[in-house]
Amino acid sequence: MWGLASYNLSMSSTLLHNHLLPWPADWTAVFNREAPLLIEIGFGGGHFLVDLAQKRPSANALGVEISLPALDKAQRKVQTAGLSNVRVLQSDARYLLQVLCAPESIAEITINFPDPWPKARQLHRRLIDVEFLHLLATRLKPGGLLDIATDHADYALAITEALETTPFFDSRLATTFVTEDTERLRTKYEQIGLDEGRTCHYYKWVRNNTAAPNDFPIPKEFPMPHVVLHTPMDLDAIQARYGRRRTSDQARHISFMELFRAHEGEALFVETYIKEEPVSQRLGLVIRQREPGNYVISLHELGFPRATAGVQLAIAALARWLLSLDEAAHILHHNLPGEMLEVDVTHAA
Ligand SMILES: C[S@@+](CC[C@H](N)C(=O)[O-])C[C@H]1O[C@@H](n2cnc3c(N)ncnc32)[C@H](O)[C@@H]1O
């Protein structure tokens, strides 16, 4: 009931709650209507997003930002303007696109003045490259629009090269970009760039008919994973043997961090970090003693974790570690893919 009530709350508010959105999100339910989905990535002050929603009342406008203060400001601007066709979400753009957006679901994407990360050691942080364009190509509808603007000369060179390299987009202009666009609302960073004498580059591209293989699947969620096992060890003994551990497979990296004892003493809580692009989760796994010698390892619900394959792997790794501590230990039952429990894959961090 709590989950349902929270979900309805998120439906009616401008600010979306990431943890309440299914994978992929149902944008028709989020906006309470079916309409073309326009996305602005990194909306900063939010003026452009509000203007977009005002100019296009028959579209659904979604803004994504990583900055919480930006989200707060934009949310207030949307409410002051009385707009019902805008939603804002705190998320990394890659996560939004790959996890929350189904293939061929977006009508238009705008990226205004993405962070240029000018230093050589920061270049890998830039959002736009050939791989990101491939991701965009899988999520845009055929004929979907992609508009990008930057005032950073070096980033402009990289964006030009990426757009000219990708097979999935064509320019809507006669050229790769233009350096003037008087029709659009100026953004804060555009104005700063112009005031400081920089040239802005405006790219207006369109998704073409070249098929884009979906190399960016939406991560799967599984039923709440658990392992039930027997070990003669008591919780004190398990706690005493615990040390930080790590494990990984080709797609996932798992770090078991701090171990905490429940106040009433019948459970251990293992702080766990799971990185499985594009999803990263810091969550708690629980080793709970049901009766002496009988333990359940499961996912704690604190923080609304998602039961991904990485979580399954983490629970399997914790179970294998427990089994390795005592020869008499054995699994009673579990709901994990069997092969995950076959090899001990953890090692001390
Ligand atoms: C240079 S500012 C531009 C802001 C605004 N678009 C403008 O033109 O004034 C870049 C914005 O992108 C946001 N941003 C950076 N990386 C992001 C990502 N991976 N996903 C979503 N937003 C991001 C930053 O928080 C910042 O607000």
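Given the structure is predicted, the values throughout are model-derived calculations rather than measurements.

Conventions adopted
- Residues numbered from 1 in each chain as written.
- Predicted model: local features only at pLDDT ≥ 70, side-chain atom pairs only at ≥ 80, totals over all residues.
- Helix = DSSP H or I, 4+ residues; strand = E, 2+ residues; numbered from the N terminus.
- Buried ≥ 20, exposed ≤ 12 C-beta atoms within 10 Å, placed from the backbone.
- Contact = placed C-beta atoms within 7 Å.
- Expected span 1.5 Å × (residues − 1).
- Arc of directions from axis to C-beta.
- Near = placed C-beta within 6 Å.
- Nonpolar A, V, L, I, M, F, W, Y, C, P; charged D, E, K, R; others polar.
- Core = buried A, V, L, I, M, F, W, Y, C linked by C-beta atoms within 7 Å.
- Domains from an automatic or database assignment.
- pLDDT = per-residue confidence, 0-100.
- Pairing = 2+ DSSP bridges.

1. Details of the overall build of the chain
Here comes step 1: For the chain, the count of helices and strands is ten helices and 16 strands.
Here comes step 2: Principal axes of the C-alpha set define a box for the chain whose edges measure 75 × 40 × 40 Å.
Here comes step 3: Expressed as a percentage of the 349 residues in the chain, the buried residues total 33%.
Here comes step 4: Excluding contacts between residues fewer than 6 apart, the proportion of contacts in the chain whose partners are at least 24 apart in sequence is 69%.

2. Let's talk about helix 7 (residues 153-165)
Here comes step 1: Taking 1.5 Å per residue as the helical rise, helix 7 with its 13 residues ought to reach 18 Å, and the 18 Å between its terminal C-alpha atoms agrees with that figure.
Here comes step 2: Those residues of helix 7 that fall on the buried side of the exposure criterion are Tyr155, Ala156, Ile159 and Leu163. Down the axis, helix 7 shows its buried residues gathered within 100 degrees of arc, on one side only. Of the residues in helix 7, the exposed ones pointing more than 90 degrees away from the buried face are Ala153, Leu157, Glu164 and Thr165.
Here comes step 3: Contacts from the buried residues of helix 7 go to helix 6 (130-139), strand 6 (140-150), strand 7 (169-171) and strand 8 (201-207).

3. Regarding the site of the ligand
Here comes step 1: Around the ligand, a shell composed of 21 residues is seen, among which Gly42, Gly44, Ala93, Thr187 and Tyr189 lie nearest.
Here comes step 2: Those elements giving two or more residues to the shell around the ligand turn out to be strand 3 (60-65) and helix 8 (188-195).
Here comes step 3: Here the element with the most residues in the shell around the ligand is helix 8; it accounts for three residues.
Here comes step 4: Residues of the shell around the ligand, tallied by class, amount to ten nonpolar, six polar and five charged.

4. Points about the nonpolar core
Here comes step 1: One finds Ile39, Leu49 and Ile109 to be the most contacted residues of the largest nonpolar core, which totals 54 residues.
Here comes step 2: Ignoring sequence-local partners within four residues, the contact set of Ile109 consists of Ile39, Ile41, Leu136, Leu140 and Leu146.
Here comes step 3: One finds Ile254, Phe256, Leu268 and Ala317 within the second-largest nonpolar core, a separate group that totals 27 residues.

5. A look at unusual backbone geometry
Here comes step 1: In this model, Trp23 is joined to Pro24 through a cis peptide bond whose omega is -10 degrees.
Here comes step 2: One can find Pro24 in the loop between strand 1 (15-16) and helix 2 (27-31).
Here comes step 3: With an omega dihedral of 5 degrees, the bond running from Glu277 to Pro278 counts as a cis peptide bond.
Here comes step 4: Inspection of the secondary structure puts Pro278 in the loop between strand 12 (267-276) and strand 13 (279-291).
Here comes step 5: In this structure, Asn32 takes a positive phi of about 60 degrees despite not being glycine.
Here comes step 6: Along the chain, Asn32 turns up in the loop between helix 2 and strand 2 (37-41).
Here comes step 7: Taking the number of C-beta atoms within 10 Å as the measure of exposure, Asn32 has 12 and is therefore exposed.
Here comes step 8: Its identity as a non-glycine residue notwithstanding, Phe113 has a phi of 50 degrees, on the positive side.
Here comes step 9: Relative to the assigned elements, Phe113 resides in the loop between strand 5 (106-112) and helix 6.
Here comes step 10: Its 21 C-beta neighbours within 10 Å are what place Phe113 among the buried residues.

6. What to know about the domain arrangement of the chain
Here comes step 1: Segmenting the chain into domains produces domain 1 (2-207) and domain 2 (226-348).
Here comes step 2: On a C-alpha basis, the centroid separation for the pair domain 1 and domain 2 is 38 Å.

7. What to know about the environment of Glu40
Here comes step 1: The topology assignment puts Glu40 in strand 2.
Here comes step 2: Between the alpha carbons of Glu40 and Arg172 there is a distance of 19 Å; along the sequence they are 132 residues apart.
Here comes step 3: Residues within four places of Glu40 in sequence aside, it is in contact with Phe48, Leu49, Leu52, Gly63 and Thr110.

8. Here's the deal with the confidence of the model for the chain
Here comes step 1: For the chain, the average pLDDT comes to 93, and 95% of its residues sit at 70 or higher.
Here comes step 2: Confidence over residues 1-12 falls short of pLDDT 50; this stretch has eight contacts with residues more than four positions distant or in other chains.

9. With respect to the environment of Phe168
Here comes step 1: Following the sequence through the fold, Phe168 ends up in the loop between helix 7 and strand 7.
Here comes step 2: With 20 C-beta atoms counted inside 10 Å, the residue Phe168 sits in the buried group.
Here comes step 3: Once the C-alpha coordinates of Phe168 and Thr210 are considered, the two residues, 42 residues apart in sequence, prove to be 5.5 Å apart.
Here comes step 4: If near-sequence neighbours (up to four positions away) are discounted, Phe168 is found in contact with Leu133, His134, Ala137, Arg207, Asn208, Thr210 and Ala212.

10. Section: the pairing of strand 14 (residues 294-299)
Here comes step 1: Alignment of strand 9 (residues 226-230) against strand 14, held across five bridges, turns out to be antiparallel. If you follow His226 over to strand 14, its bridge partner there is Ser298.
Here comes step 2: Two strands pair when backbone bridges link them, and strand 13 and strand 14 are joined in this way by six bridges, in the antiparallel orientation. Across the sheet, residue Gln289 finds its bridge partner in strand 14, namely Tyr295.
Here comes step 3: Joining the antiparallel neighbours strand 13 and strand 14 is a turn of two residues, in which Gly293 adopts a positive phi near 85 degrees.

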